[in-house]
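So you can see what is in the structure, the chains are spelled out below.
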Amino acid sequence: MFSLNQLTQFVAVAEEMHFGRAANRLRMTQPPLSRQIQLLEKDLDVLLFDRSSRAVKLTPAGKAFLADARRLLQQSERVALSVRKTSQGRTGILRVGFTGGSVYSGLETVLTSAQATIEDVEVELRELVTMDQLEALSEGSLDLGLVRPPLTRPDLASHPLLREPLVVAIPIEHELAGLTRPVDVTDLHGVDVVMYTPIESRYFFELLSSVFHEASVAPVVVQYMHQFHSMLALVNLGWGLALVPESASKMHFDGVTYRPLTTPRPAQVELDLVWRIDNENPALARLLAKLVAETPVDPAPQATASDT
């Protein structure tokens, strides 16, 4: 029936109450403006302006239409702004998967960057083990995942988000709790240790197995677990020691103290960002640009993916 351009012209005339001034405001000449208003009145089958005197006045119908015209123009501006923001990754939905262990380290980094970079984007969080995250990323039901390396799927890309050292969680009554120096891995020979499961926590199991093997250390494994909080709960009960990422020390247990660990070779834990290569979500591209710029690009060699 009518265009947004015609509504803009109508509002200009209604506010200026003068065709000449309205034409100047719209950066056009008066005759085309008059013709557009006449076409608008014809389309609506109503007179919008009273032109019987020298002054231009709105008719009752024109007054009623002015409120609707302003509302339509404002709505069109909001729609246009929303579309632009979506294309720029400033609005929409971003679906992020994370493992339980990443709550204490990488997830905070991602959410902080999201708040600063894609503040109007709704972030939908899903706690999933690594394999479920990779499946969800491949099928498109997740935009971004936080998993342990390495990544072997050709449809997915990755970038290291962070690397952190291992620390030793020790029952406060244990003799090693009183050390004033870092715990050396050789101190763990013959010591009761809560170990990671070889299936659910394969990444950590292989990492620690390698550390122990290189140092010729054979701890006594008293229990296998795959979640940090469960391992630390057992440490708190005095069952043994546990090696966890430094960020896990944020979990407070009254009966647990943490000490740095020294090994023949630096043993660092890595957490990676993973996404589908052909993902076209603008919010993902915007967030990745910030995260990748702020994190190292030389991933440390690691074992295999984990669910911790």
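Below or above, wherever it landed, is the structure these notes cover. (Residues numbered from 1 in each chain as written. Predicted model: local features only at pLDDT ≥ 70, side-chain atom pairs only at ≥ 80, totals over all residues. Heavy atoms only, no water.)

## Examining the packing of aromatic side chains
Right, on to step 1. Enumeration according to the criterion identifies seven aromatic pairs in this entry.
Right, on to step 2. Look at phenylalanine 10 and phenylalanine 49: their rings are 5.4 Å apart centre to centre, the planes differ by 55 degrees, and that puts the pair in the tilted class. Of this pair, phenylalanine 10 sits in helix α1 (residues 4-16) while phenylalanine 49 sits in strand β1 (residues 49-50), and the two are 39 residues apart along the sequence.
Right, on to step 3. Relative accessible area serves as the criterion here: at 0%, phenylalanine 10 is assigned to the buried category.
Right, on to step 4. Ring centres of phenylalanine 204 and phenylalanine 228 lie 5.5 Å apart, and the angle between their planes is 85 degrees; this geometry places the pair in the edge-to-face category. Placement of phenylalanine 204 in helix α7 (residues 202-214) and of phenylalanine 228 in helix α8 (residues 228-236) is noted, with a sequence separation of 24 residues between them.
Right, on to step 5. Using a relative accessible area of 0% as the deciding quantity, one classes phenylalanine 204 as buried.
Right, on to step 6. Here the aromatic cluster, defined as three or more aromatic residues joined through ring pairs, consists of Phe10, Phe19, Phe49 and Phe65. (Phe/Tyr/Trp six-rings, centres within 6.5 Å; stacked < 30°, edge-to-face > 60°. Helix = DSSP H or I, 4+ residues; strand = E, 2+ residues; numbered from the N terminus. Buried < 20%, exposed > 50% of the residue type's maximum accessible area, 1.4 Å probe, protein only.)

## A short note on the packing of α1 against helix α3 (residues 30-44)
Right, on to step 1. One can describe the packing of α1 onto α3 by two numbers: an axis separation of 10 Å at closest approach and a directional angle of 110 degrees. Our classification of the angle between α1 and α3 gives roughly perpendicular. Of the residues in α3, those touching α1 at Gln6, Gln9, Phe10 and Val13 are Leu33, Gln36, Ile37, Leu39, Leu40 and Asp43.
Right, on to step 2. Along the lines of polarity and charge, the residues of the contact of α1 with α3 split into six nonpolar, three polar and one charged. (Axes fitted to C-alpha atoms, helices over the stretch in contact; angles between N-to-C directions. Parallel < 35°, antiparallel > 145°, perpendicular 65-115°, else oblique. Contact = heavy atoms within 4.5 Å. Nonpolar A, V, L, I, M, F, W, Y, C, P; charged D, E, K, R; others polar.)

## Some words on helix α5 (residues 106-117)
Residue pairs spaced three or four apart in an α-helix point in one direction, given the helix's 3.6 residues per turn.
Right, on to step 1. Relative to the 16 Å expected for twelve residues at 1.5 Å per residue, α5 spans 16 Å between its end C-alpha atoms, a close match to the ideal helical length.
Right, on to step 2. Taken together, the buried positions of α5 are occupied by Gly106, Leu107, Val110, Ser113, Ala114 and Thr117. Buried residues in α5, looked at end-on, bunch into an arc of 135 degrees, giving them a common side. Relative to its buried face, α5 has exposed residues pointing more than 90 degrees away, namely Gln115 and Ala116. (Expected span 1.5 Å × (residues − 1). Arc of directions from axis to C-beta.)

## Remarks on the side chain of serine 247
Right, on to step 1. Of note, serine 247 is situated in the loop between β10 (242-245) and β11 (256-262).
Right, on to step 2. Classification of serine 247 as buried rests on a relative accessible area of 9%.
Right, on to step 3. If sequence neighbours within four positions are ignored, serine 247 has contacts with Tyr104, Ser105 and Glu164.

## A short note on the environment of leucine 142
Right, on to step 1. Within the secondary structure, leucine 142 is located in the loop between α6 (130-139) and β5 (144-147).
Right, on to step 2. Taking the C-alpha atoms as reference points, leucine 142 and glutamate 246, separated by 104 residues in sequence, lie 28 Å from one another.
Right, on to step 3. In contact with leucine 142, not counting residues within four places along its chain, are Arg95, Val96, Gly97, Arg126, Leu128, Gln133, Ala136, Leu137 and Asn279.

Distances and angles like these do not, on their own, reveal function.
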